[in-house]
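Fold and contact review
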Amino acid sequence: MDVKGRVTIPASFRRVLVEGDPNCQTGGNPELVIVYGDHRRNYLECYTMEAIDEVDAKIDAMPRGSMERKMLQRMFHGQSFPTTVDETGRLVLPAKLRSKIDLEGMAFFIAAGDTFQIWKPETYDTEELAKAEAWLDELPGDFDPLIFLDGAAPPSNSEG
């Protein structure tokens, strides 16, 4: 990240943003929405326009006045930042968003289908990576996570 808060989006992520923005013309700059969420969220989640439209439609389908709908509206409408990728493939992260996740210097990107996350590398290592390692430690040594693609449950760890 440079001093102006610009981060370069990996090329493969930019392609997903372009494909997920129905209004983006060939060679144009895609729009996206950065959801920064509440105080518990330590990363920024970047949604393609199609992905955020899907989330919005699901929120709109919830009962009016329900606490769940109100909370999701706050998280996705009130705690988000619509923006555009610039002509050099960079994204400007406002100071408020950088400060929220304590981002300075390097940014870590992780893909998640039609979204991607931006993390402070040290936070990702201590929080998310630690969760994944703890989860894997509970599984048998020969466990293959691809089993989830078939809808199967993981086997229990019979090691004592």
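Residues numbered from 1 in each chain as written. Predicted model: local features only at pLDDT ≥ 70, side-chain atom pairs only at ≥ 80, totals over all residues. Heavy atoms only, no water.

The next subject is the pattern of salt bridges. Evaluation of the coordinates by the stated rule reveals eight salt bridges. For the salt bridge of Arg90 with Asp86, the shortest nitrogen-to-oxygen distance reads 3.6 Å. Classification of Arg90 as partly exposed rests on a relative accessible area of 22%. When its relative accessible area of 18% is taken as the criterion, Asp86 is described as buried. Among the ionic pairs, Lys131 bridges to Glu128, the shortest N-O distance being 3.2 Å. Pair noted here: Lys131 and Glu128 are both in helix α5 (residues 121-137), with a separation of three residues, about one helical turn. Relative accessible area serves as the criterion here: at 26%, Glu128 is assigned to the partly exposed category. If you follow the salt bridges from partner to partner, you end up with Asp2, Arg6, Asp86 and Arg90 in one network. (Salt bridge = Lys/Arg side-chain N within 4 Å of Asp/Glu carboxyl O. Buried < 20%, exposed > 50% of the residue type's maximum accessible area, 1.4 Å probe, protein only. Helix = DSSP H or I, 4+ residues; strand = E, 2+ residues; numbered from the N terminus.)

Now for unusual backbone geometry. At Asp102, a position not held by glycine, the phi torsion is positive, near 55°. Counting through the fold element by element, Asp102 comes out in the loop between α4 (95-100) and β6 (108-112).

Before going further, it helps to examine the side chain of Ser66. As for its placement among the helices and strands, Ser66 is situated in the loop between α2 (49-60) and α3 (67-78). On the basis of relative accessibility, which here comes to 14%, the residue Ser66 falls in the buried class. In terms of polar contacts, Ser66 uses its side chain to reach the backbone carbonyl oxygen of Pro63, at 3.0 Å. (Polar contact = N/O pair within 3.5 Å; in protein donor to acceptor, adjacent residues only side chain to side chain.)

Overall, the coordinates contain zero disulfides when judged by the stated rule. With no disulfide partner, Cys24 has as its closest neighbouring cysteine sulfur the one in Cys46, 16 Å distant. (Disulfide = S-S within 2.5 Å.)

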